[in-house]
Amino acid sequence: MATRRTEMTQESRRLLVTAASELFAEKGYRQTSFIDIADRAGISRGSIPWHFGNKLGLLEAVIDDRLDAMLTAFGPAPASGPASEGSAAGEVRGGPLEQVMAFIRMPVARLFITLLAEAVEADSPIRDHYARLHVALREAVRAWIPEHAVPPGTTPEAFTVVLVGTVIGIHAQWRITPEAVDLEAVRTALRALLSTVLEGTGTDRG
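Residues numbered from 1 in each chain as written. Predicted model: local features only at pLDDT ≥ 70, side-chain atom pairs only at ≥ 80, totals over all residues. Heavy atoms only, no water.

1. Re the overall build of the protein
Here is step 1: Scanning the protein from N- to C-terminus turns up 9 helices and 0 strands.
Here is step 2: From first element to last, N terminus to C terminus, the protein shows the α and β order α-α-α-α-α-α-α-α-α.
Here is step 3: Sequence-distant contacts in the protein: of pairs separated by 6 or more residues, those separated by 24 or more amount to 71%.
Here is step 4: On the protein, roughly 11300 Å² of surface is accessible, and the fraction owed to carbon and sulfur atoms is 57%. (Helix = DSSP H or I, 4+ residues; strand = E, 2+ residues; numbered from the N terminus. Contact = heavy atoms within 4.5 Å. Areas by Shrake-Rupley, 256 points an atom, 1.4 Å probe, with all protein chains shown as cover.)

2. Regarding the packing of helix α7 (residues 127–143) against helix α8 (residues 156–176)
Packed helix pairs are characterised by how far apart their axes lie and by the angle those axes make with each other.
Here is step 1: Look at α7 against α8: their axes get within 9 Å of each other, and the N-to-C directions meet at 115°. On the basis of the axis angle, α7 is roughly perpendicular to α8. Where α7 crosses over α8, the two elements pack in a sense that is right-handed. Every residue of α8 that contacts α7 at H134, L137, R138, V141 and R142 is listed here: P156, T160, V161, L163, V164 and I168. (Axes fitted to C-alpha atoms, helices over the stretch in contact; angles between N-to-C directions. Parallel < 35°, antiparallel > 145°, perpendicular 65-115°, else oblique. Left-handed = near helix turned anticlockwise from the far one by under 90°.)

3. Observations regarding the packing of helix α6 (residues 110–119) against α7
Here is step 1: Viewed as axis vectors pointing N to C, α6 and α7 meet at an angle of 135°, and their least axial separation amounts to 10 Å. One element, α6, and the other, α7, form an angle in the oblique class. For the pair α6 and α7, the crossing hand works out as left-handed. Contacts between α6 and α7 involve F112, L115, L116 and A119 from the first element and R127, Y130 and L133 from the second.
Here is step 2: Looking at the contact of α6 with α7 residue by residue, the class counts come to 6 nonpolar, no polar and 1 charged. (Nonpolar A, V, L, I, M, F, W, Y, C, P; charged D, E, K, R; others polar.)

4. Concerning the pattern of salt bridges
Any two side chains of opposite charge can pair, given that their charged atoms come close.
Here is step 1: Counting across every chain of the model gives 10 salt bridges.
Here is step 2: Here E26 ties to R40 by a salt bridge, and the two come within 3.0 Å at their closest N and O atoms. Of the two residues, E26 sits in helix α1 (residues 4–27) while R40 sits in helix α2 (residues 34–41), which places them 14 residues apart along the sequence.
Here is step 3: Through salt bridges with shared partners, one network takes in E22, E26 and R40. (Salt bridge = Lys/Arg side-chain N within 4 Å of Asp/Glu carboxyl O.)

5. Focus on the packing of aromatic side chains
Here is step 1: On inspection of all chains with the given rule, the structure shows 1 aromatic pair.
Here is step 2: Between the aromatic rings of F24 and Y29, the centroid separation amounts to 5.4 Å while the plane-to-plane angle is 55°, which identifies the pairing as tilted.
Here is step 3: The residue whose ring lies beneath K55 is Y29, and the NZ or CZ to ring-centre distance is 4.5 Å. (Phe/Tyr/Trp six-rings, centres within 6.5 Å; stacked < 30°, edge-to-face > 60°. Lys NZ or Arg CZ within 6 Å of the ring centre and 35° of its normal.)

6. Some points on α8
Here is step 1: Between its first and last C-alpha, α8 extends 30 Å over 21 residues, near the 30 Å set by a 1.5 Å rise per residue.
Here is step 2: Listed as buried for α8 are P156, F159, T160, L163, V164, V167, I170, H171, A172 and W174. (Expected span 1.5 Å × (residues − 1). Buried < 20%, exposed > 50% of the residue type's maximum accessible area, 1.4 Å probe, protein only.)

7. Observations concerning the nonpolar core
Here is step 1: Counting residues in hydrophobic clusters, the biggest one holds 49 residues, and the most contacted among them are F24, I37, I104 and L115.
Here is step 2: Sequence-distant contacts of L115, that is, excluding residues within four places in its chain, are made with F24, G28, Y29, L59, I126 and Y130. (Core = buried A, V, L, I, M, F, W, Y, C linked by side-chain atoms within 4.5 Å.)

8. As for the environment of L115
Here is step 1: When you line up the elements, L115 lands in helix α6.
Here is step 2: Classification of L115 by relative accessible area gives buried; the value is 1%.
Here is step 3: As a C-alpha pair, L115 and Y130 span 15 residues in sequence and 7.6 Å in three-dimensional space.

9. Focus on the confidence of the model for the protein
Low pLDDT marks stretches whose predicted atomic positions should not be read closely.
Here is step 1: Here the protein averages 80 in pLDDT, while 82% of its residues score no lower than 70.
Here is step 2: The secondary structure element of the protein with the lowest average pLDDT is helix α5 (residues 88–105), at 61, and the one with the highest is α2, at 94.
Here is step 3: Note that residues 80–94 has pLDDT below 50 and, in this model, 17 contacts with residues that lie over four places away or in other chains.
Here is step 4: Scored below 50 in pLDDT, residues 202–206 makes 8 contacts in the model with residues more than four places away or belonging to other chains. (pLDDT = per-residue confidence, 0-100.)

Set out below in structure tokens:
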């Protein structure tokens, strides 16, 4: 059974991760200080290095937390195998798509956009950490793509990169100019596009 001290330590860590996640999303990694995080969390600034070692250690904890949220949003992958007519195909086109659109709307997803500008710099201290987010996103999307749904002439890996790039592009456009991007209309258009791809592929590629 956890002691009161252990519970308080875990709660302090959770508050710091939540505060850092919010501030990294709002201000970026470089512009966020320990003082900012401590003030937002309501916890002593000295607690941050005690829990995480340094700022990169805190970022690592934030990314782990966001990965958990992302994987929860996507949910479990469907069973593998050819889609049965009418039902499984609908799941491939609808279920994951609904989860992707819901993930785009999540406040925590803003972290992807805010950190991107810093992560693309060659000497960025967060580059490798940010890359983990993309790897996990590709793995989550790849798990939802049955082999029969991959268009002829391409690979599951390449198809996944295209789908993830589409999601990231939609997300970025909506975050930057939400008044110009109707997510409901985008969902309908994306569903139609994926339906066309899936209906144009099948087990018979000869």
